[in-house]
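# Report on the structure
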Amino acid sequence: MAMSSIRSALARVLIAPKLRPPRRFAATAAAGDTQPERVAAEMVRYALGGAVRRSSPEEAMRILEQGASNLQGGGEGSAEAVGMLMLAMSTLLYRSGRRQDAMEKLKATQQVAPSAAFRVAAWEALMGLHMEAGQEISYSVSPNDSVDLSFKDDSKWSDQDHLKFRVNAIKGLIALLNGETESAQLFADGCRDFAGRGKHQTESAAVSYGEYLHCVGDFPMATQVYESVLEAARMEDKSGNLLTAANMIPEEVSLGATCSYGQLLSHSGKFGEAEDYLTRALQKAEEQFGANHPKVGIVLTCVARMYKLKAKSEGSSSIMVQEGLYRRALEVLKAPSINSEGTNKHLDWRDIISLARGEYAELLLIQSNRKAEGERMKEWAEGAWKNRRLTLAQALDFSEPSKPTIVVDTRIGRVL
């Protein structure tokens, strides 16, 4: 839809709300949706979809801001429409590398959310960005924190199974990052009955549940969960999943599930299938973000680790392949020099950089002429590693499925 057409549709909403929309909207605009919601959904698809790639993020943001301004206080469905547009604005800010601005927009969305569904969507994305930024969070956080609920008359998120699943999955993810595996299990137990249904924007929650199972060694169940998410992703129209934002949108979830499943297959010794899925993940990352985006570096790290496990299993060597992948991953991740000081300072993608450097160091240490470089790199990686569940040495030494393992989550760029 051209920008002029969107403006015309908005004018029709405000002037003659009983008129039918000028054309049929995507199937995800349910029959019960109001016209403001349908117009907002079309704007979101335009601003975040393929059409905007021919324009600029600034133009896309203007479209969303104009829509929110025009729909504000426009009658039935206008609050929901504005909520959709605000979630989309946060996604656009995040894609533009403005993580902090995206977080502020999500906080604002929580405050004006017209229902528990919008509040949970904003909170889920906000927690995702906090985790990506490496910030300290407690699993006791709630979508109701810092929100004035005195004027809200909607049902509670805790009374709706699909929303409770999304909240529990985030809490479990936070607990895993905090090294509190027993607490993570409590939240995972609350996810078991709902995982895999693939409805109500719960795919991201299902990926989190699958990653928990993967981390604790329940590979059969993790396989079922990952496969159900990937099947749902193939069947669904991603453009219609409008109650998600930032690093929890369907494209991020599909990438995350593909990469995590590839890691699971490599941990299971199924290297042919693992290579296939990790290659798909790499292609998705490049298509969605560009060849030089940090998410590409995250997937490259997973590919290199797969080749390490394959070489170990087969008694072969792939040093040159692994080294090339780690070098490229670190370059894309903009890793600081190993001669730089201050590994305790804030560092974006710290988990992945320290993991890649630790793996790279192992390759150098077995080469006599590069051992000194390997020692320096190992020392840097150990100083930067902050994972609370496993030491770096434990993370590097995966030997059998029964032992605790790590999973790289591409959505939040963290090592679980």
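Residues numbered from 1 in each chain as written. Predicted model: local features only at pLDDT ≥ 70, side-chain atom pairs only at ≥ 80, totals over all residues. Heavy atoms only, no water.

The next point concerns the overall build of the protein chain. A tally of helices and strands in the protein chain yields 17 helices and two strands. A total of 416 residues make up the protein chain; the buried ones form 55% of that total. Residue pairs in contact within the protein chain that sit at least 24 positions apart in sequence constitute 68% of those at least 6 positions apart. Here the protein chain has roughly 18,000 Å² of accessible surface; of this, 49% comes from carbon and sulfur atoms. (Helix = DSSP H or I, 4+ residues; strand = E, 2+ residues; numbered from the N terminus. Buried < 20%, exposed > 50% of the residue type's maximum accessible area, 1.4 Å probe, protein only. Contact = heavy atoms within 4.5 Å. Areas by Shrake-Rupley, 256 points an atom, 1.4 Å probe, with all protein chains shown as cover.)

With that settled, the discussion passes to the packing of aromatic side chains. Enumeration according to the criterion identifies three aromatic pairs in this entry. Look at Tyr226 and Tyr261: their rings are 6.2 Å apart centre to centre, the planes differ by 55°, and that puts the pair in the tilted class. Taken together, the residues span a long stretch of sequence, with Tyr226 in helix 10 (residues 219-235) and Tyr261 in helix 11 (residues 250-267) at a distance of 35 residues. The two residues Tyr226 and Tyr261 agree in class, both being buried. Each ring, one from Tyr326 and one from Tyr360, has its centre 6.5 Å from the other, and the planes form 20°; the classification is stacked. (Phe/Tyr/Trp six-rings, centres within 6.5 Å; stacked < 30°, edge-to-face > 60°.)

As a further point, take helix 13 (residues 294-314). An ideal rise of 1.5 Å per residue puts 30 Å on 21 residues; helix 13 measures up with 31 Å between its terminal C-alpha atoms. Burial of helix 13 is extensive: 17 of the 21 residues sit out of reach of the surface. Directly after helix 13, the chain includes Gly315, whose backbone phi takes a positive value near 65°. (Expected span 1.5 Å × (residues − 1).)

Running from N to C, helix 13 and helix 14 (residues 319-332) cross one another at 160°; their axes reach a closest spacing of 8 Å. In this view, helix 13 runs roughly antiparallel relative to helix 14, as classed from their interaxial angle. The two elements helix 13 and helix 14 meet at a crossing, and its hand is left-handed. In this structure, helix 13 uses Pro294, Val296, Gly297, Leu300, Thr301, Val303, Ala304, Arg305, Tyr307 and Lys308 to contact helix 14, whose residues at the interface are Val321, Gln322, Leu325, Tyr326, Arg328, Ala329 and Val332. For the contact of helix 13 with helix 14, a count of residues per class yields 11 nonpolar, three polar and three charged. (Axes fitted to C-alpha atoms, helices over the stretch in contact; angles between N-to-C directions. Parallel < 35°, antiparallel > 145°, perpendicular 65-115°, else oblique. Left-handed = near helix turned anticlockwise from the far one by under 90°. Nonpolar A, V, L, I, M, F, W, Y, C, P; charged D, E, K, R; others polar.)

One can find Asn339 in the loop between helix 14 and helix 15 (350-365). Overall, Asn339 belongs to the exposed group, its relative accessible area being 62%. Considering only alpha carbons, one finds Asn339 and Arg376, 37 residues apart in sequence, at a separation of 8.2 Å.

Our next topic: the confidence of the model for the protein chain. Averaged over all residues, the pLDDT of the protein chain is 82; the fraction at 70 or higher stands at 81%. The least confident element of the protein chain is helix 1 (residues 3-15), whose mean pLDDT is 43; the most confident is strand 1 (residues 408-409), at 96. Scored below 50 in pLDDT, residues 1-32 shows 43 contacts in the model against residues more than four places distant or in partner chains. (pLDDT = per-residue confidence, 0-100.)

Quick look at the nonpolar core now. If you look at the biggest cluster of nonpolar residues, it comprises 128 residues, and the most contacted ones within it are Leu64, Leu85, Leu87, Leu106, Met127, Met131 and Val299. Leaving out residues up to four positions away in the same chain, Leu106 has contacts with Leu87, Ser90, Ala122, Ala125, Leu126, Leu129 and Ala245. (Core = buried A, V, L, I, M, F, W, Y, C linked by side-chain atoms within 4.5 Å.)

Between two packed helices, both the angle of their axes relative to each other and the distance between the axes serve to describe the pair. Running from N to C, helix 2 (residues 35-48) and helix 4 (residues 78-95) point in directions that differ by 10°, and their axes come no closer than 8 Å. Taken together, the axes of helix 2 and helix 4 lie roughly parallel to each other. Touching Pro36, Glu37, Ala40, Ala41, Met43, Val44 and Leu48 of helix 2 are Ser78, Glu80, Ala81, Met84, Leu85, Ala88, Thr91, Leu92 and Arg95, all from helix 4. Taken together, the residues that form the contact of helix 2 with helix 4 break down as 11 nonpolar, two polar and three charged.

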